[in-house]
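# Secondary and tertiary structure notes
Residues per chain are reported as follows:
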Amino acid sequence: MLLSKRAEMYLPQGWPAYFDRTDGCQVWDLDGNRFLDLGFMGVGTNILGYSDPAVDAAVREVIDKGNLSTLNAPEEVFLAERLVGLHPWAEMARFARSGGEACAIAVRIARAASGRDEVAFCGYHGWHDWYLAANLAADALDGHLLPGLEPAGVPRSLAGTSHPFAYNDLPALETLLSEHPGIGTIFMEPQRSTPPKAGFLEGVRELATRHGAVLIFDECTSGFRRPLGGLHLDLGVNPDMATFGKTLGNGYAITAIIGRSEVMQAAQQSFISSTFWTERIGPTAALAALAAMEAEDAPDRIHHIGDAVQRTWQEIATSAGLSLTVGGLPALASFTIPDRDAPTIKTFVTSRMLDQGFLAGPNLYTSIAHTPDILDEYFVALRSVFEEIAANDDDELRKQLPDGLAQSGFRRLT
Ligand SMILES: Cc1ncc(COP(=O)(O)O)c(C=O)c1O
């Protein structure tokens, strides 16, 4: 169902795969084993922790009162007001239930608004045809800029409609736009692993305006990990539209597209509509999650937790004699050990941490459920794993992984 939840992505034959219940950052598998999630926290959805009491209570109230009827749920209006209030440049909102779906809606609206079909994009934006069309390039292998995302089933006639560009390379984007006057949409995450170079985002904004292209910031993953809203608010550059997902409902399905009304109005000339986009749990969970995020100061806290995690990874690696590089936004932190084999290290860390009761690898998506006590426990366990890595070469580590290495996923362009 989701590439990045497949057990083989973590530990072939060893990963618990299915869960029974959750609480905070605890996950119980079907055999009743309890793990501490110091990894992806529901693929980045739960910054308040799993089973947040306030969000769950709001959802239970909806279940008691009714989730869907012939009439509309007022919560979608309240949520639109809330998101537009947090992003003063935006005037309208629409809602969906998955991130890729929100991105596909945004592209449809941007195409309708610009009157042009082609899209320049950077990074990952879901599974839909508009996006995978980039992997249909005639020189398929060279053109496989997102390895692992196969485009079988995507109409070949879409080849040449989506063009990738590299993050932080403004001249390359400028060339792309001048070579393809059919580009009417620029779709990107404002930041993922690498910070923007000085002037890069401002330059993208200027190019979009000059070429009459709609600029969309995909905040499906970066949103609400500081500040409360899109990361672009801190980066100081406004898009024409933005998409949100993941954290918005703290684990409940709700995603959003917000935008300037001039652009969003183009949706009136297109058919964009779906029954379950009007169910009530999604927007109710989002309103409760946003209230809790604000009350708990969650975006700021997870940023600081991630910052401390990145520093402690460095410290314990150095004291074990390893050279380690940290990456990502603090709340979406990752590490690599550059002079070692990445799949071996990832699988070995996952295996040894699992033995000690942690769902953990070289990534940590922070949550306010990652309290100091839990982090102390985590670092004690991780320190012992780093020491083992330092004491054994990659061949030796692989011998201790009889079921093979974790599969590697697709690479992002950001
Ligand atoms: C930036 C970005 N956009 C879109 C998506 C797709 O979201 P979903 O998996 O909810 O469809 C993701 C998921 O990882 C993402 O990171």
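Residues numbered from 1 in each chain as written. Predicted model: local features only at pLDDT ≥ 70, side-chain atom pairs only at ≥ 80, totals over all residues. Heavy atoms only, no water.

### Considerations on the layout of surface pockets
Operational definition: With a 1 Å grid laid over protein atoms only, a set of points is called a cavity when a 1.4 Å probe fits there but cannot get out and a pocket when it is open yet has protein on both sides within 12 Å along at least five of seven lines; lining residues have an atom within 4 Å of a point. Grid points are joined across faces, edges and corners, and a volume is the space filled by probe spheres set on the points. For helices the rule is a DSSP run of H or I covering at least 4 residues; for strands it is a run of E covering at least 2, with both sets numbered from the N terminus onward. In this classification, the charged set is Asp, Glu, Lys and Arg, the nonpolar set is Ala, Val, Leu, Ile, Met, Phe, Trp, Tyr, Cys and Pro, and all remaining amino acids, among them Gly, are polar.
Computed from the structure, the second largest pocket encloses a volume of approximately 310 Å³. Lining the second largest pocket are 17 residues, with Glu76, Ala93, Arg94, Phe95 and Trp277 sitting closest to its centre. For the lining of the second largest pocket, the elements supplying multiple residues, two or more each, are helix 3 (75-86) and strand 4 (92-96). Per-element tally for the lining of the second largest pocket: the top contributor is strand 4, with four residues. When the residues that make up the lining of the second largest pocket are grouped by side-chain class, the tally is ten nonpolar, five polar and two charged.

### Brief notes about the site of the ligand
We apply this condition: Nearness of a residue to a molecule or strand requires only that one of the residue's heavy atoms be within 4 Å of it. Pairs of N or O atoms within 3.5 Å make up the polar contacts considered here, provided that, within protein, one atom can donate a hydrogen while the other can accept it, and that residues adjacent in sequence are counted only when both atoms are side-chain atoms. Areas reported here follow the Shrake-Rupley algorithm with a probe of radius 1.4 Å; residue values treat only the protein chains shown as occluding.
With respect to spatial proximity, twelve residues lie near the ligand, and among them Gly99, Gly100, Asp218, Thr221 and Lys246 are the closest. Measuring from an oxygen atom of the ligand, one finds a backbone N or O atom of Gly99 at 2.8 Å. Residue Thr221 places a side-chain N or O atom 2.6 Å away from an oxygen atom belonging to the ligand. Across the complex, the protein chains shield 86% of the 390 Å² of accessible surface that the ligand would expose by itself.

### A closer look at unusual backbone geometry
As a reminder, the rule being used: Throughout, exposure labels follow a simple rule: accessible area from a 1.4 Å probe, protein chains only, divided by the maximum for the residue type, with under 20% read as buried, over 50% as exposed, and the rest as partly exposed.
Note that the residue after Arg226, namely Pro227, is joined by a cis bond; omega there is 0 degrees. Among the secondary structure elements, Pro227 is positioned in the loop between strand 8 (214-219) and helix 8 (232-235). Positive phi, close to 55 degrees, is recorded for Ser51, a residue that is not glycine. As for its position among the elements, Ser51 is in the loop between helix 1 (41-44) and helix 2 (53-65). Judged by relative accessible area, which is 29%, Ser51 ranks as partly exposed. With a phi angle near 40 degrees, Lys246 is a residue other than glycine that sits in the positive phi range. Classification of Lys246 as partly exposed rests on a relative accessible area of 28%.

### Comments concerning the packing of helix 2 against helix 10 (residues 281-296)
Applied cut-off: Comment: axis = line fitted to C-alpha atoms, over the contacting stretch for helices; angle = value between 0 and 180 degrees taken between N-to-C directions. The scheme is simple: roughly parallel for angles under 35 degrees, roughly antiparallel for over 145, roughly perpendicular for 65 to 115, oblique for anything else. Here a crossing is called left-handed whenever its near helix is offset anticlockwise from the far helix by less than a right angle, and right-handed whenever the offset is clockwise. Contacts were defined at the residue level, with two residues in contact if any of their heavy atoms lie within 4.5 Å.
Closest axis-to-axis distance for the helix 2/helix 10 pair is 8 Å, and the angle between their directions is 150 degrees. In terms of orientation, helix 2 and helix 10 fall into the roughly antiparallel class. Here helix 2 runs over helix 10; the crossing is right-handed. Between helix 2, through Ala54, Val55, Ala58, Val59, Val62 and Ile63, and helix 10, the contact on the second element is made entirely by Ile281, Thr284, Ala285, Ala288 and Ala289.

### Examining the pattern of salt bridges
Close approach of charged atoms allows side chains with opposite charge to pair. Going by this rule: By definition, a salt bridge exists where a carboxyl oxygen of Asp or Glu is found within 4 Å of a side-chain nitrogen of Lys or Arg.
All chains considered together, the criterion is met by 18 salt bridges. Notably, a salt bridge pairs Asp240 with Arg260, separated by 3.0 Å at the nearest N-O pair. With a gap of 20 residues between them, Asp240 in the loop between helix 8 and strand 9 (241-244) and Arg260 in the loop between strand 10 (255-259) and helix 9 (261-264) connect regions that are remote in the sequence. The partner of Asp307 in a salt bridge is Arg311, with the nearest N and O atoms 3.6 Å apart. Here Arg311 and Asp307 lie together in helix 11 (residues 298-320), a separation of four residues that amounts to about one turn. Assessed through its relative accessible area of 49%, Arg311 is described here as partly exposed. Among the charged side chains, a network of salt bridges with common partners joins Arg205, Asp240, Arg260 and Glu262.

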